[in-house]
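Listed below are the residues making up each chain.
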Amino acid sequence: MDEQVEAVEQETESSEMQVHNVSMRQFISFRVGEEEFAIDIMAVREIKGWTETAPLPNQPEYNLGVMNLRGTIVPTFDLRCRFGMGGTKATPYHVVIIATVQERTIGLLVDAVSDILTINEDQIRPVPDMERIAAAEFLSGIITVEENMVVLLSLEKLFQRGEISAAAEIAA
């Protein structure tokens, strides 16, 4: 009998440890049009107001050019255009998220930064299986925050190494 009680106590302790070991993750959420997106906070270097960029030749429409960030040349991308939602007419109210992708620093033009989200990994839902839509391949998950859906983006999939490198090489 004592062995059974001991086994149940050990099982309870290990279950409690698993509950306490749930991984927490943080994301920066932002708006592009009417949609809410988020990226891993560990990729974010800083958030700054919009400043004009120097255009580069022969780049995709969503590549706005480069900006000088304290001596670092940063390729800047329009996420609205990247998602096929049309180009952004940038104003001083727009925001650029400076992020690191594959050891490169890039700028992401968004409408506004919304919040810092702290969530359990088990709250991340998989992207529903759907017909291939333009942005589906860039999605890494979906979370619900106060009745709103927030789409998690994979910056690695959104910006393949070749795209970032090409913009950086032209700027050099």
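I will try to describe carefully the structure that is included in this document. On a predicted model such as this, the values are computed, not experimentally measured, just so you know. (Residues numbered from 1 in each chain as written. Predicted model: local features only at pLDDT ≥ 70, side-chain atom pairs only at ≥ 80, totals over all residues. Heavy atoms only, no water.)

Let us now look at the environment of Thr91. Along the chain, Thr91 falls in the loop between α2 (79-82) and β6 (95-101). Residues Thr91 and Asp111, spaced 20 residues apart in sequence, show a C-alpha to C-alpha distance of 9.3 Å. (Helix = DSSP H or I, 4+ residues; strand = E, 2+ residues; numbered from the N terminus.)

On to the nonpolar core, then. Ranked by internal contacts, the top residues of the largest apolar core, which has 26 residues, are Phe30, Leu79, Leu153, Leu155 and Phe159. At the level of secondary structure, the elements contributing two or more residues to this core comprise β1 (24-32), β2 (35-40), α2, β6, β7 (104-110), β10 (148-153) and α3 (155-158). For this core, the leading source of residues is β6, giving four residues. (Core = buried A, V, L, I, M, F, W, Y, C linked by side-chain atoms within 4.5 Å. Buried < 20%, exposed > 50% of the residue type's maximum accessible area, 1.4 Å probe, protein only.)

Here we take up the sheet that holds β10. Sheets are built from strands paired through backbone hydrogen bonds, the pairs being either parallel or antiparallel. Strands sit in the order β8-β1-β2-β10-β9 across an open sheet of five strands; the sheet is mixed. Each edge of the open sheet is held by one strand with a lone partner, namely β8 (112-120) and β9 (139-145). Recorded for the sheet is a direction-independent mean angle of 35 degrees between the axes of neighbouring strands. One ladder, built from eight bridges, connects β1 with β8; its direction is antiparallel. Bridge assignment links Arg31 to a residue of β8, and that residue is Ala112. (Pairing = 2+ DSSP bridges. Axes fitted to C-alpha atoms, helices over the stretch in contact; angles between N-to-C directions.)

This part is about unusual backbone geometry. At Gln102, a residue that is not glycine, the phi angle is positive and equals roughly 50 degrees. Structurally, Gln102 can be placed in the loop between β6 and β7. In this model, Glu103 sits at a positive phi of 65 degrees, which is unusual for a non-glycine residue. In this structure, Glu103 sits in the loop between β6 and β7. Given the relative accessible area of 77%, Glu103 is considered exposed.

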